[in-house]
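Here is what each chain is made of, one letter per residue.
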Amino acid sequence: MHRKILVTGGAGFIGSNFVHHVLKKYPDVFLFNMDVLTYAGNRENLRGITDPSRHILIESDICDQARIERLLREQDICTIINFAAETHVDRSIMGASPFIWTNIQGTYSLLEAARTVWLEEQQLGEGDCCFLQVSTDEVYGTLEPDDPPFSETTPYAPNSPYSASKASGDFLVRAYHQTYGLPTLITHCSNNYGPFQYPEKLIPLMILNAVEGKPLPIYGDGRQIRDWLFVEDHVRALWMVLEKAQPGSVYTIGAEVQPTNLEIVDSVCALLDERFPDSEYVPFNSLKQSVTDRKGHDRRYAIDSSRIRKELGWAPEVSLKDGLASTVDWYLAHRDWVNQVRSRDTYNAWMKKNYQNRENSA
Ligand code: NAD
Ligand code: DAU
């Protein structure tokens, strides 16, 4: 019999990578993929999945608690992994409302559906069901240069409407574990990159702008630091957490590689220099342009992944060098995907809204 899992947000960047990975590696798994298909969700991200008969895309909002309850009950699903979220910090600064709706109300609806069906109706115990909340390192706020990296015991200190909404969702998950005994897990991952990332985020935006000779907008001085993890490594970590972690556990996940944004953009540009030596834009990094900084911009993130390494035996397998090269090659090889994503009104509207009033601060 198939193991049934409800994946939410599985048409987005990390969720779709998870769907591809799990269907390919685990023939006994059946995935119900609930996604409302916002601007960031895309059916095309699911093209080419292994054995599509083990996957159903349900176009629905995670705030629809009644529908989730019916699904859990009728399909006998005992595992939920929640990727669904509004995820772009800059968008949250311009308008937090969808973030409050999906990241807080949506998480609540999923938890309440799980509590009702699993605990009240079916009276399942700890080992019988599982709710995994995919959270972010951004809930911990920002680090000073000499601060130790974020770990599972770092106090929450979210700085953006996005991270505050994710933190609120996490607190509800924690509360459902403490109060009702719902078997929950929370993971806090650092910045992901790789195939299918919506090109409003740093790395795909830089690749696509550069090949078209457009400016590469660097917020502020570009010396902000992120911990960059290849998406496939994140997806493997999530599966290990689902399979092996004790209910109530929390894990921070990162590659423990921390370049500045300028270093990331320079690396992307160097890869493009190699691929297009005759381009009129070589060296591509001459397209960098310093622009007005993000409001409340977190300066530094860093992750201590020792718990997941020790307890679950996870370790990243893809170096930043290899991951960036394969990401650049993926975007260059998938022009149809890029054109389809960018042909939607929402993409151009966002580019205009976010960048047209940022001053060139060089
Ligand atoms: P994404 O923006 O690419 O995709 C989000 C998906 O959720 C989309 O498919 C969207 O349609 C769907 N969605 C949004 N609102 C919904 C709703 N109300 N109901 C159903 N579906 C809805 O996001 P991502 O980058 O893949 O991130 C996935 C998760 O991982 C998020 O929870 C995010 O906070 C977390 N995370 C992301 C990163 C990162 O670097 N991208 C790092 C750490 C954690
Ligand atoms: O740390 C995990 C988080 O990583 C996730 O929780 C978020 O969902 C995900 O979007 C990501 O957040 P960031 O804000 O770090 O990612 P973003 O790609 O938007 O920006 C990365 C860095 O690059 C950040 O310091 C801002 C900067 N930046 C970004 C853009 C889009 C620029 O300098 N210029 C840009 O045009």
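Residues numbered from 1 in each chain as written. Chains lettered and ligands numbered in written order. Predicted model: local features only at pLDDT ≥ 70, side-chain atom pairs only at ≥ 80, totals over all residues. Heavy atoms only, no water.

Before going further, it helps to examine the overall build of the chain. A count of helices and strands for the chain gives twelve helices and eleven strands. Taken against the 2.2 N^0.38 rule, which gives 21 Å for 362 residues, the C-alpha radius of gyration of the chain at 20 Å falls within 12% of a compact globule. Oriented by its inertia axes, the alpha-carbon framework of the chain measures out at about 65 × 45 × 40 Å. Taken across its 362 residues, the chain has 56% of its residues classed as buried. (Helix = DSSP H or I, 4+ residues; strand = E, 2+ residues; numbered from the N terminus. Rg over C-alpha atoms; globule rule 2.2 N^0.38 Å. Buried < 20%, exposed > 50% of the residue type's maximum accessible area, 1.4 Å probe, protein only.)

In terms of domains, the chain is made up of domain 1 (3-190 + 229-254 + 303-318) and domain 2 (193-225 + 259-299 + 319-350). On the domain 2 side, the residues contacting the 27 residues of domain 1 number 26 residues. Carbon and sulfur atoms supply 52% of the area that domain 1 and domain 2 bury against each other, a total of about 2,200 Å² over both sides. It is Phe-13, Tyr-39 and Phe-230 in domain 1 that bury the most area against domain 2; as a group they hold 25% of the surface buried on that side. Inspection of the domain 1/domain 2 interface yields two salt bridges. A salt bridge links Arg-91 to Glu-200; the shortest N-O distance between them is 2.7 Å. Linking domain 1 to domain 2 there are 15 residue pairs in polar contact (both at pLDDT 80 or more). A per-element tally of the side of domain 1 that touches domain 2 places helix 3 (residues 89-94) first, with five residues. Along the lines of polarity and charge, the residues of the side of domain 1 that touches domain 2 split into eleven nonpolar, twelve polar and four charged. (Domains from an automatic or database assignment. Contact = heavy atoms within 4.5 Å. Buried area = accessible area lost by both parts, 1.4 Å probe. Salt bridge = Lys/Arg side-chain N within 4 Å of Asp/Glu carboxyl O. Polar contact = N/O pair within 3.5 Å; in protein donor to acceptor, adjacent residues only side chain to side chain. Nonpolar A, V, L, I, M, F, W, Y, C, P; charged D, E, K, R; others polar.)

Over its 15 residues, helix 8 (residues 261-275) extends 21 Å from the first C-alpha to the last, a length consistent with the 21 Å expected when each residue adds 1.5 Å. For helix 8, every residue scored as buried is listed here: Asn-261, Leu-262, Ile-264, Val-265, Val-268, Cys-269, Leu-271 and Leu-272. (Expected span 1.5 Å × (residues − 1).)

Around ligand 2, 24 residues are found, and the nearest of them are Thr-136, Asp-137, Tyr-162, Arg-294 and Tyr-355. Contacts to ligand 2 include Asp-137, whose side-chain N or O atom sits 2.5 Å from an oxygen atom. Here an oxygen atom of ligand 2 sits 2.8 Å away from a polar atom, N or O, in the main chain of Leu-202. Here ligand 2 loses 95% of its free accessible area of 690 Å² to cover by the protein chains. Every element with two or more residues in the shell around ligand 2 is listed here: helix 6 (202-211) and strand 8 (216-219). Counted by class, the shell around ligand 2 contains ten nonpolar, eight polar and six charged residues. For the shell around ligand 2, the domains that each give at least three residues are domain 1 (3-190 + 229-254 + 303-318) and domain 2 (193-225 + 259-299 + 319-350). (Near = heavy atom within 4 Å. Areas by Shrake-Rupley, 256 points an atom, 1.4 Å probe, with all protein chains shown as cover.)

Turning our attention to the site of ligand 1. Around ligand 1 lies a shell of 28 residues, among which Ile-14, Asp-35, Thr-87, Tyr-162 and Lys-166 are the nearest. Between Asp-35 and ligand 1, the recorded distance is 2.6 Å, taken from a side-chain N or O atom to an oxygen atom. Separating a nitrogen atom of ligand 1 from a backbone N or O atom of Val-36 is a distance of 3.2 Å. Here ligand 1 has 840 Å² of accessible area as a free molecule, and 96% of this is covered by the chains.

What follows concerns the sheet that holds strand 5 (residues 130-136). Taken in spatial order, the seven strands line up as 3-2-1-4-5-6-10 in an open sheet, and their pairing is parallel. One side of each edge strand has no neighbouring strand; the edge strands of this open sheet are strand 3 (55-58) and strand 10 (250-253). Direction aside, neighbouring strands of the sheet carry axes that sit 20° apart on average. As defined by bridge partners, strand 1 (residues 3-8) adjoins strand 4 (residues 79-82) across four bridges and the pair is classed as parallel. Note that in strand 4 the partner of Thr-8 across the bridge is Asn-82. (Pairing = 2+ DSSP bridges. Axes fitted to C-alpha atoms, helices over the stretch in contact; angles between N-to-C directions.)

The next subject is the pattern of salt bridges. On inspection of all chains with the given rule, the structure shows 21 salt bridges. Arg-73 is paired through a salt bridge with Glu-69; the nearest N and O atoms lie 3.4 Å apart. Taken together, the positions of Arg-73 and Glu-69, both in helix 2 (residues 65-75) and four residues apart, correspond to about one turn of that helix. Measuring nitrogen to oxygen at the nearest pair gives 2.7 Å for the salt bridge that ties Arg-115 to Glu-112. One end of the pair is Arg-115 and the other is Glu-112, both in helix 4 (residues 97-121) and three residues apart, which spans about a single turn.

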